[in-house]
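Chains, contacts and geometry: an overview
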Amino acid sequence: MGLSHLERLTQARDLLARRGMDVGQCALACFSAAGFSDALRSESARGDGVLLVGLEELYGVTPARSHG
């Protein structure tokens, strides 16, 4: 999962705001079993309300890495 996924969520939030919805406390969340790109992790680390939820956060497990 990468920045393009976050961009789509941002566009959806902005569309809702243009339609008069209150998005003042809206947080954007990405859920992934496969992990997140370094760029998306960096964006989340900036503290702008981007939440990344992976297997470790959901289940307390680290996903297996493929060897190949």
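Our structure's up above, just so we're on the same page.
Residues numbered from 1 in each chain as written. Predicted model: local features only at pLDDT ≥ 70, side-chain atom pairs only at ≥ 80, totals over all residues. Heavy atoms only, no water.

Time to look at the overall build of the protein chain. Each helix and strand counted, the protein chain has 3 helices and 2 strands in total. Of the regular secondary structure in the protein chain, the N- to C-terminal order runs α-β-α-β-α. The C-alpha atoms of the protein chain give 14 Å as radius of gyration, which overshoots the globular expectation for 68 residues (11 Å, by more than 25%). A principal-axis box enclosing the C-alpha atoms of the protein chain has dimensions of 50 × 20 × 20 Å. Taking all 68 residues of the protein chain together, the buried fraction comes to 18%. A sequence separation of at least 24 residues applies to 33% of the contacts in the protein chain between residues at least 6 apart. Looking at the protein chain as shown, the accessible area adds up to about 5300 Å², and 51% of this sits on carbon and sulfur atoms. (Helix = DSSP H or I, 4+ residues; strand = E, 2+ residues; numbered from the N terminus. Rg over C-alpha atoms; globule rule 2.2 N^0.38 Å. Buried < 20%, exposed > 50% of the residue type's maximum accessible area, 1.4 Å probe, protein only. Contact = heavy atoms within 4.5 Å. Areas by Shrake-Rupley, 256 points an atom, 1.4 Å probe, with all protein chains shown as cover.)

Within the secondary structure, Val61 sits in the segment after helix H3 (55-59). A C-alpha to C-alpha distance of 32 Å links Val61 and Val23, two positions 38 residues apart in sequence. Once you skip the residues sitting within four places of it in the chain, Val61 turns out to touch Leu55 and Glu56.

A few words on a nonpolar patch on the surface. A contiguous nonpolar patch, built from Phe31, Leu58, Tyr59 and Val61 and spanning about 450 Å² of accessible area, is present on the exposed surface. The topology assignment puts Phe31 in strand S1 (residues 28-31). (Patch = residues over 30% accessible without salt bridge, like charges linked within 9 Å, V, L, I, M, F, W, Y side chains within 5 Å. Salt bridge = Lys/Arg side-chain N within 4 Å of Asp/Glu carboxyl O.)

Relative to the elements of secondary structure, Ser32 occurs in the loop between S1 and helix H2 (38-45). Residue classification places Ser32 among the buried positions, given a relative accessible area of 12%. In this view, Ser32 contacts Met1, Val53, Gly54 and Leu55; residues no more than four positions away in its chain are not counted.

With that out of the way, let us pick up the environment of Ala27. Assignment of secondary structure puts Ala27 in the loop between helix H1 (3-18) and S1. Expressed as a C-alpha distance, the spacing of Ala27 and Leu58, which sit 31 residues apart in the sequence, is 18 Å.

The biggest cluster of nonpolar side chains holds 7 residues, and these are Leu6, Leu28, Cys30, Phe36, Leu40, Val50 and Leu52. Once residues lying within four places of it in the same chain are set aside, the contact partners of Val50 are Leu6, Leu28 and Ser44. (Core = buried A, V, L, I, M, F, W, Y, C linked by side-chain atoms within 4.5 Å.)

This paragraph deals with the pattern of salt bridges. As enumerated under the stated definition, the model contains 3 salt bridges in all. Notably, a salt bridge pairs Arg13 with Asp14, separated by 3.7 Å at the nearest N-O pair. A relative accessible area of 32% means that Asp14 is categorised as partly exposed. Among the ionic pairs, Asp48 bridges to Arg46, the shortest N-O distance being 2.7 Å. Judged by relative accessible area, which is 56%, Arg46 ranks as exposed. Among the charged side chains, a salt-bridge network with shared partners connects Glu43, Arg46 and Asp48.

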